[in-house]
Amino acid sequence: MAASELHRRSLRLERVESVTAETNVRHVDQLDAETLESFYTTLEDDLPGPGSDPDLEDGEVIVFTDYYRVKRI
């Protein structure tokens, strides 16, 4: 999967195989509606997300069907 960028906050999602016990992990169900929409759009279309600022922090991992690490670029 190509890295996907989330607009304005210069973040991207990278699929990772595993995480350590110290990693901040949130399940996709824990995201607010706006952030969830950005996350889905980014994964489905492999395009930048909508123009809103998603509530995602550098280094945290979002669990969906795989693990996706949020990276500040």
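Refer to the preceding data block for the structure.
**Section: the overall build of the protein chain**
What the protein chain contains, in helices and strands, is 1 helix and 5 strands. Along the protein chain, helices and strands appear, N-terminal first, in the series β-β-β-α-β-β. Of all 73 residues assigned to the protein chain, the portion counted as buried reaches 33%. In the protein chain, of all internal contacts separated by at least 6 residues, the share reaching a separation of at least 24 is 64%.

**Observations concerning the environment of Val-25**
Mapped onto the secondary structure, Val-25 falls in strand β3 (residues 25-27). With a relative accessible area of 33%, Val-25 lands in the partly exposed category. Val-25 sits 37 residues away from Ile-62 along the chain, and the two C-alpha atoms are 5.8 Å apart. Apart from residues no more than four positions distant in its own chain, Val-25 is found in contact with Val-19, Gln-30, Val-61 and Val-63.

**Here's the deal with the environment of Asp-32**
Within the fold, Asp-32 resides in the loop between β3 and α1 (33-45). You can call Asp-32 partly exposed: its relative accessible area is 39%. Sequence-wise, Asp-32 and Asp-55 are 23 residues apart; in three dimensions their C-alpha atoms are separated by 7.8 Å. At 3.2 Å, the side chain of Asp-32 and the backbone nitrogen of Glu-34 are in polar contact.

**Here we look at the pattern of salt bridges**
Inspection of every chain in the model, using the stated rule, returns 3 salt bridges. Note that Arg-15 and Asp-66 form a salt bridge whose closest N and O atoms lie 3.7 Å from each other. Placement of Arg-15 in strand β2 (residues 11-16) and of Asp-66 in the loop between β4 (61-63) and β5 (67-72) is noted, with a sequence separation of 51 residues between them. With a shortest N-O distance of 2.9 Å, Arg-26 and Glu-60 are connected by a salt bridge. Of this pair, Arg-26 sits in strand β3 while Glu-60 sits in the loop between α1 and β4; the two residues are 34 residues apart in sequence, bridging distant segments of the chain. The exposure classification of Arg-26 matches that of Glu-60, with both residues buried.

Thresholds, definitions, all that
Residues numbered from 1 in each chain as written. Predicted model: local features only at pLDDT ≥ 70, side-chain atom pairs only at ≥ 80, totals over all residues. Heavy atoms only, no water. Helix = DSSP H or I, 4+ residues; strand = E, 2+ residues; numbered from the N terminus. Buried < 20%, exposed > 50% of the residue type's maximum accessible area, 1.4 Å probe, protein only. Contact = heavy atoms within 4.5 Å. Polar contact = N/O pair within 3.5 Å; in protein donor to acceptor, adjacent residues only side chain to side chain. Salt bridge = Lys/Arg side-chain N within 4 Å of Asp/Glu carboxyl O.

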